[in-house]
Amino acid sequence: MTSFSRSLKFACLSAALILGACTHKQEAVNTAPPPAPPAPMASAPAPITSSILPGSAEDFRVNVGDTVHFGYNEYNVEDTDKGILGRQAAWLAKYPAVRVSVEGHADERGTREYNLALGARRANAVKEYLVSQGVSTGRVETVSYGKERPVCTESNEGCWAQNRRGVTVISGGANS
Amino acid sequence: MKRFLVLFAALAALWTAPGLTPAWAALQVDVTQGNAQPLPIAIPDFVGGDPALGANVAGVVRADLERSGLFRPLDPKGFAEHITNINAVPNFGSWRSITAQGLVTGQVTQQPDGRLRVDFRLWDVFGESQMLGLQFFTTPENWRRIAHMVSDAIYERITGEKGYFDTRIVFISESGPATKRVKRLAIMDEDGANPIFLTRGDYMVLTPRFNPTAQMIAYMSYIGSKPRVYLFDIETGRQEVLGNFPNMTFSPRFSPDGNQVALTLETAGNSDIYVMDLRSRAIRRLTSDPAIDTAPSFSPDGKQIVFESDRGGGQQIYVMNVDGSGQRRISFGQGANGTPVWSPRGDLIAFTRRVGGNFTIGVMRADGSGERLISSGGHDEGPTWAPNGRVLMYGREAPGQRGSSIWSVDVTGRNERRVLTPGSASDPAWSPLIQ
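Just so we're clear, the structure is a prediction, and the values are computed from it rather than from any experiment.

Definitions and cut-offs
- Residues numbered from 1 in each chain as written.
- Chains lettered and ligands numbered in written order.
- Predicted model: local features only at pLDDT ≥ 70, side-chain atom pairs only at ≥ 80, totals over all residues.
- Heavy atoms only, no water.
- 1 Å grid on protein atoms, 1.4 Å probe; cavity = no way out; pocket = protein on both sides within 12 Å on 5 of 7 lines; lining within 4 Å.
- Points joined across faces, edges and corners; volume = space filled by probe spheres on them.
- Helix = DSSP H or I, 4+ residues; strand = E, 2+ residues; numbered from the N terminus.
- Pairing = 2+ DSSP bridges.
- Buried < 20%, exposed > 50% of the residue type's maximum accessible area, 1.4 Å probe, protein only.
- Phe/Tyr/Trp six-rings, centres within 6.5 Å; stacked < 30°, edge-to-face > 60°.
- Lys NZ or Arg CZ within 6 Å of the ring centre and 35° of its normal.

(A) How the structure looks around the layout of surface pockets. Residues and elements named next belong to chain B. Each pocket or cavity is described by its volume, and for the largest pocket that value is around 680 Å³. F210, F254, W342, P344 and W430 are the residues nearest the centre of the largest pocket, which is lined by 24 residues in total. For the lining of the largest pocket, the secondary-structure elements that each account for two or more residues are β10 (205–210), β14 (249–254), β18 (293–298), β22 (336–342), β26 (380–385) and β30 (424–430). Among the elements that make up the lining of the largest pocket, the one with the highest residue count is β26 (3 residues).

Right under this line is the structure:
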């Protein structure tokens, strides 16, 4: 709008040189909608734009992705998950003060202690992949929760697949 | 006397018979028939100055013996003779008339020093003779323990096996939804009485085990989000992390002499079994395989350790000497097999069998032969032995992780029943007989 009225003014000025009068035209320009008044500072509830703070744990979780999944009794990083882990590594390169903890989880089809060991394998596999992508090993802790922290509680393949996971959690150094 | 003894002998023989039938057939018999004939026994309320206390003591004894599955305490309403003096010979004919084969008479009296005195006699109704007469002294608040000791004495006199009623269970008390389950360390008496919570639930705890004196508990805790093995002193309430390891330690088990703890240490994702000497805190590594090696359990002579490993591709049970030598696989059954626990008698190893999502408790001989499944299955996991090696407890998870409970079953597979716990519970571990 602004550039349009400016070009109108320009057109009027140019025309004035030829026609000797441009008052009318000027008025026409003035009828264009005035610029919006500045938003009142305190009275109206200004919408809070919920932008995620770059470098925050929320930024990592939402914009990068914190979870990868594993096959049954498997702990190798799937090819389909290498993208998300690559993004995690890139994000960690951008925020070098951040430290993370990788949580390894298992589905319910294993005994308690076996699943603690399996969760440790999965957490370590994620850590090793991040390290291979340039994250220094000292920034990545691992912790296994075995089958103790399911995200889905039905006894079916859909739930089991969701529960076999590695979750990278910011443990320190992030913007808050 | 003769008939009484013959009956007991028959019962004992039935009870101790090795599994001659295939595991699945035995399982069906256990669940649907329960064909062991429990022994009818009459236990009138104990006499004495405090009738309520006498009734309470007798009630605990009746409940203990009934729970074992080997006795059938008769309803006191049908008793013809009213016992008033336990030093008089009972009228055996009146007890025979209600089919009682055993009779327990008892008395609770308050001593001048404030202690309780409990006397009891066990009578053979058909043999018309006393089989046992004992006397206990205790502080009044300990009356339940005395009742359990009476039960143990009766059980032992009649079956020839040590009892297990004067014992405790350490377990994990659970509450809240499965995705955020709160787990607290807790102990209770074997019959579910006197539950005590040892941790508040602000961090997760798992897999507790008693030491041989039942004074110390080894368990795994997530304090500070660092899963490590801890020791808990029941007397003082003092907790300490065991060792100073950079990574997760789990699956603690005491040696039979209580001086060592076998545990699993995870390093770079790989789990191996170590033994720590509790006095010197020196550690010894027993396995060094890239597979998962965990869930160790000492043989009662302390010379061997049974454990689980997936070095052969799936989770199976292995045995090694206590120095780590001679590692060999002993389980070759269907599915995955883990959580081995050596019987206190040394003859059997209890384990968890998993086929798909179905978990069942089984036992096998120490060489891996003669395996039988003894629980009714579903999601039964993590067996623990009564100190006499005749009964097991284990955890059962309801489908969809809607809650967990503790169950017990005879080693034969008979008498499977739920154990009373305060709310949901898992990971039971049976204490030795309390000293």
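That covers the picture; the talk isn't over yet.
(B) The sheet that holds strand β25 (residues 372–373) of chain B, seen in detail. All names here are of chain B. The strand order β22-β23-β24-β25 describes an open sheet built from 4 strands, whose pairing is antiparallel. The strands lining the two open edges of the sheet, one partner per strand, are β22 and β25. Direction of pairing for strand β23 (residues 348–355) relative to strand β24 (residues 358–365): antiparallel, over a ladder of 8 bridges. When the bridges of β24 are listed, F351 appears paired with G362.

(C) Looking closely at the pairing of β23 of chain B. All names here are of chain B. With 7 of its 8 residues buried, β23 lies for the most part within the structure. Judged from the 5 bridges that link them, β22 and β23 form a sheet pairing that is antiparallel. Residue V341 lies in a different strand from β23, and its bridge partner there is A350. Connecting β23 to the antiparallel partner β24 that follows it, the hairpin turn spans 2 residues, and G356 within it adopts a positive phi of roughly 60°.

(D) View of the packing of aromatic side chains. Applying the stated criterion across every chain, the model contains 13 aromatic pairs over all chains. Ring geometry for Y164 of chain B versus F165 of chain B: centroids 4.6 Å apart, planes at 35°, classification tilted. Residue classification places Y164 of chain B among the buried positions, given a relative accessible area of 3%. Judged by its relative accessible area of 0%, F165 of chain B falls in the buried class. Grouping aromatic residues by their ring pairs yields a cluster made of Y155, Y164, F165 and W430 of chain B. Cation over ring: R109 of chain A sits above W160 of chain A, and NZ or CZ is 3.9 Å from the ring centre.

Treat this as a map of the structure, not an account of what it does.
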